[in-house]
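# Residue-level structure breakdown
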Protein chains: 2
Amino acid sequence: MTSVVILGSGIMGSALAVPLSDNGHDIRLVGTFLDREIIDSVKATGVHPGLKLKLPEQVRPYQLEDAEEAFDGAEICLSGVNSYGVRWAGEQLARLLRADMLVISIAKGLAADDEGNLRILPEVLAEPVPSQVRARVGWAAITGPSIAGEVAVRHDTCVVFASRDQDVADRLADLFRTSSYHVWTSTDFVGAEVCAAMKNCYALASGLPEGLLAGMGEADAAYRLYNYEAALFAQGNLEMRRMVELLGGDVSTADGLPAPGDCYVTSRGGRNVKVGHLIGQGLGFTEASAKLGNPTLEGAFAIEVVGRALPKLTERGIVGHEEFPLVRHLYEVVGEEKPVEMPWSRFFGGERQAAIAST
Amino acid sequence: MTSVVILGSGIMGSALAVPLSDNGHDIRLVGTFLDREIIDSVKATGVHPGLKLKLPEQVRPYQLEDAEEAFDGAEICLSGVNSYGVRWAGEQLARLLRADMLVISIAKGLAADDEGNLRILPEVLAEPVPSQVRARVGWAAITGPSIAGEVAVRHDTCVVFASRDQDVADRLADLFRTSSYHVWTSTDFVGAEVCAAMKNCYALASGLPEGLLAGMGEADAAYRLYNYEAALFAQGNLEMRRMVELLGGDVSTADGLPAPGDCYVTSRGGRNVKVGHLIGQGLGFTEASAKLGNPTLEGAFAIEVVGRALPKLTERGIVGHEEFPLVRHLYEVVGEEKPVEMPWSRFFGGERQAAIAST
């Protein structure tokens, strides 16, 4: 039995208590300052209000002020905050982590500095942790197609645990792996995290075509825009591959679960797809987001980060101006509220190029 | 203006008359022996009964017995038959083709010999054509995500025209390319055709999880099997890549439109997905196919061809026994009517391998 503390009681972090409890681990679930009602509910009835399910008996809920108690004796920390909360979570870890713990994160996104240099979120998470502790902690992340509720009800799920240290990935995989939660490992931390982040951009894009149809008054048309949607998916796949390469990852990481797999499931629905749908209908991003109650939109967030970084990287000669035409256009749409006008001829290396080239 | 004869008046061949007519070409549409009623309808009213649309005015319909007249002076032949009809179509071309014509095919599948050697369908199509003509004809194929009806109503569609000869691909692309039918070219004829064929196998697989849910009495469950479906998609992507490599194609062809793009759109629906859905519910393949009226099922056909070839290739030491676990299981389900039991731990190079490996 291993003691695992989950920091952040959103649906994904909380759902992962299920495979952990199936393996008999001791689980402490700590809410963030936004999670007070979730923890109250788990304390009162065991039910997670987001998942609408009773969490396993072994889960002990803690409010944030009791985090030190929750971390006492814990060997593993699952960082369950999303990309908006990573810096905050890092600040908590700075006071709560001890050397020799393992940290596994679920946040999906990228961060950029003023020069447009992009980096993966586990680096942002680790940054506030004092260097002597940070160096002795094993850092990892979960990527791959994983809808939280399906994990919580033990539907088959295949994920990749990525860490620079194979031993860290293996130890974590052993803790989580069950007969329905299937875990592979990878030492391509950068590649896996880049895919996890970028796929949210393209999932938002996948909502556009249905919205465009609705906007044309063809919401019930026999012939949809599936070819359109599939072309965006394919272009997104190429851009994910290129971004992995650009940030120094192993491009083969983008062949399976972290890129096409995760992008496929994320394109099946959710808030990013819904906001894409509203934008397709003609709403500006701000209006579309407001209509959904201004939820967390990791896809829009990633589009803004990457879309602002790319021109800087191009100006510095690091990225060709013809590269990433889809995510650049998504930034025009989401960040600058320009209308959707797909630059088809710039996709797939350029329509009138002699042969297919990457991105 | 170029004269184009379309051999086979199914929905895809007929839909391609739209971009051709938009470019002002002369189009002769020849029905196969199965298409008599389609041609009668086009002759009488202009309406294609499968597409439920009026074809462009320029399209001249011909019954099969008038094929020689239709081929008279034609420079291009679009072979519009599906994978079941390729050998038959080749026999027609043997008498109808003239040297210096270009042939572009839409059939998606693979053929195998008794030793399990796989080859692409354009080779089967060309085989009956006398060698002196065959050598002087330019052969090509269309791959990528392309639902026929969407092409016919001019919804944006991105495809790849593949040919061993760049000039052939370029000439054909110029004939078809419009402001909504976007055409890229590739000289990786083998790689593009392998993706086109294999993706139908995985599209059938994508129907299984919803069927499994329905079979468990959970057709309306809040939590679906999307993680399951996405994992199959990812594994399918890896197997497509490996098959491209095995048959001597360029694996980068599997990065964009021909593999994830086409597999994405094919997984959105259609007969292959429906038969997968019924199998997931517990029906044997024969029963499931009968329930749908025994339609053309290119996915099932491809699964049978590949599923029978793989053990032979493994016995000959060409393919590892651990390779292609998904399509091998699909063959057990479709070809041998065994129950669905996903070999998860064999996917992605093996769950307990040290790190992610290809297939």
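Here we summarise the structure given alongside this text. Note that this is a predicted model, so its numbers are computed, not measured.

Basis of the calculations
- Residues numbered from 1 in each chain as written.
- Chains lettered and ligands numbered in written order.
- Predicted model: local features only at pLDDT ≥ 70, side-chain atom pairs only at ≥ 80, totals over all residues.
- Contact = placed C-beta atoms within 7 Å.
- Helix = DSSP H or I, 4+ residues; strand = E, 2+ residues; numbered from the N terminus.
- Nonpolar A, V, L, I, M, F, W, Y, C, P; charged D, E, K, R; others polar.
- Core = buried A, V, L, I, M, F, W, Y, C linked by C-beta atoms within 7 Å.
- Buried ≥ 20, exposed ≤ 12 C-beta atoms within 10 Å, placed from the backbone.
- Pairing = 2+ DSSP bridges.
- Axes fitted to C-alpha atoms, helices over the stretch in contact; angles between N-to-C directions.
- Parallel < 35°, antiparallel > 145°, perpendicular 65-115°, else oblique.
- Left-handed = near helix turned anticlockwise from the far one by under 90°.
- Least-squares fit on C-alpha atoms with pLDDT ≥ 70 in both.

On to the interface of chain A and chain B. Contacts between the two partners involve 53 residues from chain A, matched on the other side by 53 residues from chain B. Looking at the side of chain A that touches chain B, the elements with two or more residues in it are α8 (148–152), β11 (157–163), β12 (181–186), α11 (226–246) and α12 (257–266) of chain A. Per-element tally for the side of chain A that touches chain B: the top contributor is α11(A), with 10 residues. Broken down by class, the residue content of the side of chain A that touches chain B amounts to 28 nonpolar, 17 polar and eight charged.

Ranked by size, the top nonpolar core spans 252 residues in total, and within it Ala140(A), Phe161(A), Ala140(B) and Phe161(B) carry the most contacts. Each residue touching Phe161(B), except ones within four places of it in the same chain, is listed here: Ile104(B), Ala140(B), Ile142(B), Ala169(B), Leu172(B), Ala173(B), Val183(B) and Thr185(B).

This part is about the sheet that holds strand β1 (residues 3–7) of chain B. All names here are of chain B. Read across the open sheet, the eight strands follow the order β5-β2-β1-β6-β7-β10-β11-β12; overall the sheet is mixed. Pairing within the sheet leaves two strands with one partner each, and these edge strands are β5 (59–62) and β12 (181–186). Mean inter-strand twist for the sheet, computed between neighbouring axes without regard to direction, equals 25°. Direction of pairing for strand β2 (residues 26–30) relative to β5: parallel, over a ladder of four bridges.

Residues and elements named next belong to chain A. The contact between helix α10 (residues 189–215) and helix α16 (residues 325–334) brings their axes to 11 Å, and the two run at 65°. It follows from the interaxial angle that α10 and α16 lie roughly perpendicular. When the axes of α10 and α16 are compared, the crossing they make is left-handed. Taken together, the residues of α16 that come into contact with α10 (itself represented by Cys201, Leu204 and Ala205) are Leu326, Val327 and Leu330.

Right, let's talk about the sheet that holds β12(A) for a bit. All names here are of chain A. The eight strands are arranged β5-β2-β1-β6-β7-β10-β11-β12 in an open sheet whose pairing can be described as mixed. This sheet does not close on itself; its edge strands, each paired only once, are β5 (59–62) and β12. Along the sheet, successive strands turn relative to each other by an average axial angle of 25°, direction set aside. Bridging between strand β7 (residues 102–105) and strand β10 (residues 138–143) involves four bridges; their strand directions are parallel. Paired with Ile104 across the two strands is Ala140, which belongs to β10. Docked against the sheet, helix α3 (residues 36–45) engages β2 (26–30) and β5, running at close to 135° with respect to β5. Against the sheet, α12 touches β10 and β11, its axis set at about 140° to β11.

Take the relation of the copies chain A and chain B next. For the pair chain A and chain B, the best superposition has an RMSD of 0.0 Å and corresponds to a rotation of 180° with a translation of 0.0 Å parallel to the axis. In symmetry terms, the pair is related by a two-fold rotation axis. Closest to the rotation axis within chain A is the C-alpha of Pro260(A), separated from it by 3.5 Å. An overlap of 100% is found between the interface residues of chain A and their copies at the interface of chain B, pointing to a shared contact surface.

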